[in-house]
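# Structural characterization, general
The residues making up each chain are set out below.
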Amino acid sequence: MAADDANALESIETREWLDSLDYVLETGDKSRVFRLLDALRTRARSAGFREPFSSNTPYINTIPATEQVPYPGDRELERRIKSFVRWNALAMVVRANRESDGIGGHISTYASAATLYEVAFNHFFRGKDAGNDADLIYFQGHASPGIYARAFLEGRLDEQDLRNFRHELREGGGLSSYPHPWLMPDFWEYPTVSMGLSPLMAIYQARFNKYLENRGLKPASDQKVWAFLGDGETDEPEALGAISLAAREKLDNLIFVINCNLQRLDGPVRGNGQIIQELEAVFRGVGWNVVKCLWGSEWDELLQRDDEGLLVRRMGEIVDGEYQRYVVEDGAFLRKHFWGADPRLEAMVKHLSDLDLKKLHVGGHDPVKVYNAYLAATNSTGKPTVVLARTIKGYGLGEAGEGKNITHQQKKMNEGDLKHFRGRFGVPISDKDIADAPFYRPEEGSAELKYMAERRKGLGGAVPRRIVKAELLDPKVSAGIATEFEEFYKGSDRKASTTLVFVKMLTKLLKDKEIGKFVVPIVPDEARTFGMESLFKQVGIYSSIGQLYEPVDIAQLLHYKEAKDGQILEEGITEAGSIASWIAAGTAYAAHGVYMIPFFIFYSMFGFQRIGDFIWAAADARCRGFLLGGTAGRTTLAGEGLQHQDGQSHVLALSVPTCKSYDPAYAYELATIVEDGIKRMYVNGEDCFYYITVMNEQYAMPEMPADSKAGIIKGLYRFNTAKDAKKAKHRAQLLGSGTILNEVLKAQGMLADYGVAADVWSATSYNELYRDGHAADRWNRLHPTEKQRVPYVTECLAKTEGVVVAASDYLKSQPDMISRWVGRPMVTLGTDGFGRSEDRQSLRDFFEVDARYIVIATLSALLQKGEIEAKVVAKAIADLGINPDKLNPAIS
Ligand SMILES: Cc1ncc(C[n+]2csc(CCOP(=O)(O)OP(=O)(O)O)c2C)c(N)n1
Ligand SMILES: [Mg+2]
C-alpha cells in the first residue's frame, strides 16, 4: 500500500474511533469513558500488545482552551507595564557592564520569565498587608534585575538604586546581585541563587507553615509558598530531592513555577530529549499536580482542528534542541521542518503566512495561559502544584541573543540591539537617547503606575518585602532559664556526656512556660543515637495526619508517638531536609512574626561538611537557632572510622560570619552557651546562630569555677591554677577543649612529676578568639594614635608564665589560629588526617592528643626554651611508651 493510502486508511480509522468516543462523551458520564478505555487496554493486552509505560500526558497544555477562564486584568496596560519592566531590567545590566566591564548580571533569564512574574504580581502574589495570607516567595536568583525593575516602577527603588546594581559599596549603597536578605534586609526574604537550594527550602517552608498551623502557633490561612526556578536548576539533586515529601504531606500551599526555557548556561537542558516531559513524569510520579503551560492562545484554533491528533503527536516528537533551533529560525523554516513533516499538517497552516507561523507563541509568554495555570495551582487541594511553563530564553533580544546558546551571559547590547528591543516592546525612548539605555518610568499619575499600585494594594502591598514583626523575649525569660539550668552549674560526680546534658537542657526548655512551645527539636533519624527518645512521648513527633497505627512499643512508657500537634520534627535520613526545616523555623520571626527556637541535632560529620551551602544560605537569611553537632570529635567518636569522625566541623563553621561555634567540655559550659544564645538571639535580637559540638564520652561534670561565664562565651577561661606554682622549676599553660580537656587535666598531673607546674585553660571557642583577635588588630591598625586594644587571648595569657601547649580534637589549625596573640611560641596538638575505627584510647594515641603527648609537647617546648635537656624529653618519650617513629596521622 502506498504511504498516502496508508495515511488515508489510518485517518478513516481514527475518525471512526474518535466519533465513537465523542458519542460516549456527549451521552454518557465521564466514568464510562474510563471504563471504555480500560476495556480497550485489556483487550489489546490479551492480544499480546504491550503498552509502553508512560507517566506523561501529551505535549500540550494541561488546561484546554475550553476550560480556561477569561483574563481578569487589563491586558493592554499589563503588556505596557511588563514592557517597561523588561526594558529597565535590561538597561540596568547593560549600563552596569558598560561602566564596569565584567560586573555581570543577567538579561535573558528575566526576559524569558517576565510574563511568569508579571501575571503573579498583578493577580496572585499576596504582600505582607494580607497578614496571615501573605505569600512566601522564592524568586529565581538571577532573575533579580526584573524584580528590581518592577520595584523601580512601583517607586520602591529609585534611579540611583538601579545605577548601583552590583555596586553595593557605592555611597548610599546599591542593589545586591541576587536575593540576599543579609544585604537587603527590608527587601529580599529568601536567598535563592545557589541553585537547587531554594526548591528544597520552599518545600520544607510549606511543610513548616502547616506545622505551625497544626500546633496552633499560626491561624490557618490561604498563604502560598511560591518557588520560581530554572529548568536547568532541576539537575541539582537538591531541587527534586524532596518532592515526594511535598506530595506525601499534601502541601497544597506550595507552588513551583519552573521556567522551562529549555536552556541553561552552556546550552540546551535536554537537547536530545524534552525537559518538560521529563519533569512532568517525575512530579506526576510522586503525586504532584502538574500543570503544563506550553502553547499560547494562537495555537488554540489549530489544536481544535487537530482532529486526528497529528499536531499533538508532532509537538511531542520534537526534541528540545530542535525546538530551540525554531526560536532562531524564520517562519519558512518552521513551515518546512515542523509542519512539513506530514502533508496533512502542512495543509493545516496553509492559510497562515510565514510571519504568522513565527508568531505562534509558547505558553509561558501568554498571560491568559499563565493566569489559568496559576489559578489551577492556587485552587489545588491536597496536592502541591508544579507549573511547567515553556518560555524562550532571551525573549525579545532578537539577534542579540534570543534562544541562542550564548544568551545566558549576554550583558552588552549595542545601539542597534537596544533599538530592536525598544521597538519590539514599544518602550517610549527616543532615537536620540536610546544609545545611553536610559531607565524609563512613566509619569506619576499615569495609567500604568496607577494600575500597578492598585493591583498591589489589592493584593496586600509590595512584594518582595521583609518585615520583622516578632516580639523579642523579655530579659526575665533568659534569667529564668539561668535558674532552670542551676543544676548544670553545680556539677555532678555522676558520669554523663555533653550530649546527655544537652538532652536534659532541651527537655527543660521544652517544659518552660514561656518558651517551651516555641522550641523546635529537629533530628534526621538520629534521636536514639543522642538519647532523645524520651522526647518522643513527652512532646510527640509531628505528623500532619497524627498516628494511624498502634506503635510496636505501645506497652512501654516511652513509646513512639506521632501526633498532629507533635513538636519534634523527625525528618528521616535527610540532613538537607532537616536544615531546611531549621531555616524555616529560624526565619519564622520574619516570615510569620513568631520567634521559634530550633535545635537541629545531627551527626557532626554530616553537618557543615555535607550541607554547608544551606548553612551559608541560612546565615544570609538571618536565621537564628542552634545547630548541635553530635557524636563530635575525631578521637571521641570511637569505632565509626574515617567517614564519621569529625575533626573539621569547627574549621568549616568559622567561615560562616554569623555562626558562633563552641566546643564545650562540661555541662556548665554548655549551659552558659545555650543561655547566652537565647539571650543574644531572642532577647537582644542579634542576627546570629550557634553551632555547638556535643560528645558521647561520659565523665564527671565539675562545678563551674567562679567568674567563668564571660570567658566561656569569649572562648577561653582558666579552669584551674597549678598548685605550688611558686616552688616549681618550670611553668606551663595548657589549653584544652571538648573532651580533650580531660586529657589536658591528666597531663597537668603527670607534668608535676617532671617539675612542671601547669595551669589549665578551657578553650571553648578558638573561632571566637580568632575573631576577637583580628577585630582588635584591625582597630589598632586603623587607629594608630589611640589607646591600643588588647586581644582577649593576650589579656588572658600575657601575664601568665611558662610554655604554652594547646590540644584539641579538631585540626591543629584551630589552636594555631590564636598563636599570634599568645605572645610566645605555642605548641599545638590536633587531629589532622583521616579517622580510624578504634577505641578512644587508641585513637588518641594515633592522633597524638592524649595526656602523654601533651606531656611530651610541654617538655619539648621547655627544651626549645632551654629549660631542660633533650635527653629528658627522650626519656619521657620512652617512659610513656611512645613510638617516635610511628606513622604521621596527618598523612596516613
Ligand atoms: C549551585 C550553583 N551552580 C552553578 C551556578 C551558576 N549558574 C547560574 S545560572 C546557571 C544556569 C541556569 O539555568 P536555568 O536553571 O535553566 O535558568 P535560566 O537562566 O535558564 O532560567 C548556572 C549554571 C549557580 N548559581 N549555583
Ligand atoms: Mg533554563
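The structure we're discussing is the one just above.
A brief structural summary.

Rules of the game
Residues numbered from 1 in each chain as written. Chains lettered and ligands numbered in written order. Predicted model: local features only at pLDDT ≥ 70, side-chain atom pairs only at ≥ 80, totals over all residues. Heavy atoms only, no water. Donors = N, O, S within 2.8 Å, 3.2 Å for Na, K, Ca; no water. Buried < 20%, exposed > 50% of the residue type's maximum accessible area, 1.4 Å probe, protein only. Axes fitted to C-alpha atoms, helices over the stretch in contact; angles between N-to-C directions. Helix = DSSP H or I, 4+ residues; strand = E, 2+ residues; numbered from the N terminus. Parallel < 35°, antiparallel > 145°, perpendicular 65-115°, else oblique. Left-handed = near helix turned anticlockwise from the far one by under 90°. Contact = heavy atoms within 4.5 Å. Nonpolar A, V, L, I, M, F, W, Y, C, P; charged D, E, K, R; others polar. Near = heavy atom within 4 Å. Polar contact = N/O pair within 3.5 Å; in protein donor to acceptor, adjacent residues only side chain to side chain. Areas by Shrake-Rupley, 256 points an atom, 1.4 Å probe, with all protein chains shown as cover. Pairing = 2+ DSSP bridges.

Attention shifts here to the coordination of the magnesium ion (ligand 2). Looking at the magnesium ion (ligand 2), one finds its protein donor set to be Asp231 (OD), Asn261 (OD1) and Gln263 (O), positioned 2.0 to 2.2 Å from the metal centre. Ordering the donors of the magnesium ion (ligand 2) by residue number gives the pattern D-x29-N-x1-Q. Relative accessible area serves as the criterion here: at 6%, Asn261 is assigned to the buried category. Here Gln263 falls in the buried class, since its relative accessible area comes to 3%.

Interaxial distance between helix H31 (residues 740-752) and helix H36 (residues 851-864) falls to 8 Å at its minimum, and their mutual angle equals 55 degrees. Judged on the interaxial angle alone, H36 and H31 are oblique. Judged by the sense of rotation from one axis to the other, the crossing of H31 with H36 is right-handed. Note on element contacts: H36 touches H31 through Ala851, Arg852, Ile854, Val855, Thr858 and Leu859, opposite Glu743, Val744, Lys746, Ala747, Met750 and Leu751. In terms of residue class, the contact of H31 with H36 is made up of eight nonpolar, one polar and three charged.

Glancing now at the site of ligand 1. In the vicinity of ligand 1 lie 18 residues, with Thr109, His142, Asp231, Gly232 and Lys393 positioned nearest. One nitrogen or oxygen atom from the side chain of Gln140 is found 2.9 Å from an oxygen atom belonging to ligand 1. Protein coverage of the free-state accessible area of ligand 1, which is 590 Å², stands at 75%. When grouped by side-chain class, the residues that make up the shell around ligand 1 number three nonpolar, ten polar and five charged.

Let's shift gears to the sheet that holds strand E20 (residues 826-829). With respect to topology, five strands assemble into an open sheet ordered E16-E18-E17-E19-E20, the strand pairing being mixed. This sheet does not close on itself; its edge strands, each paired only once, are strand E16 (717-720) and E20. The mean angle between the axes of side-by-side strands here comes to 30 degrees, regardless of whether they run parallel or antiparallel. When strand E19 (residues 803-807) meets E20, the two strands line up parallel, connected through four bridges. Bridge pairing in E20 places Ala806 opposite Thr828. Lying on the sheet, H31 is in contact with E16, strand E17 (730-736), strand E18 (756-762) and E19; it crosses E18 at an angle near 165 degrees. On top of the sheet, H36 reaches E17, E18, E19 and E20; it is set at about 155 degrees to E19, its chief contact.

Before going further, it helps to spend a moment on the pairing of E18. Looking down a regular strand, the side chains alternate between one sheet face and the other. The element E18 is largely enclosed, with a buried count of seven among its seven residues. Here E18 shows two buried faces, one formed by Val756, Ala758, Val760 and Ser762 and the other by Ala757, Asp759 and Trp761. Two strands pair when backbone bridges link them, and E16 and E18 are joined in this way by three bridges, in the antiparallel orientation. Counted as the bridge partner of Arg718 is Trp761 from E18. Two strands pair when backbone bridges link them, and E17 and E18 are joined in this way by seven bridges, in the parallel orientation. Bridge assignment links Arg731 to a residue of E18, and that residue is Ala757.

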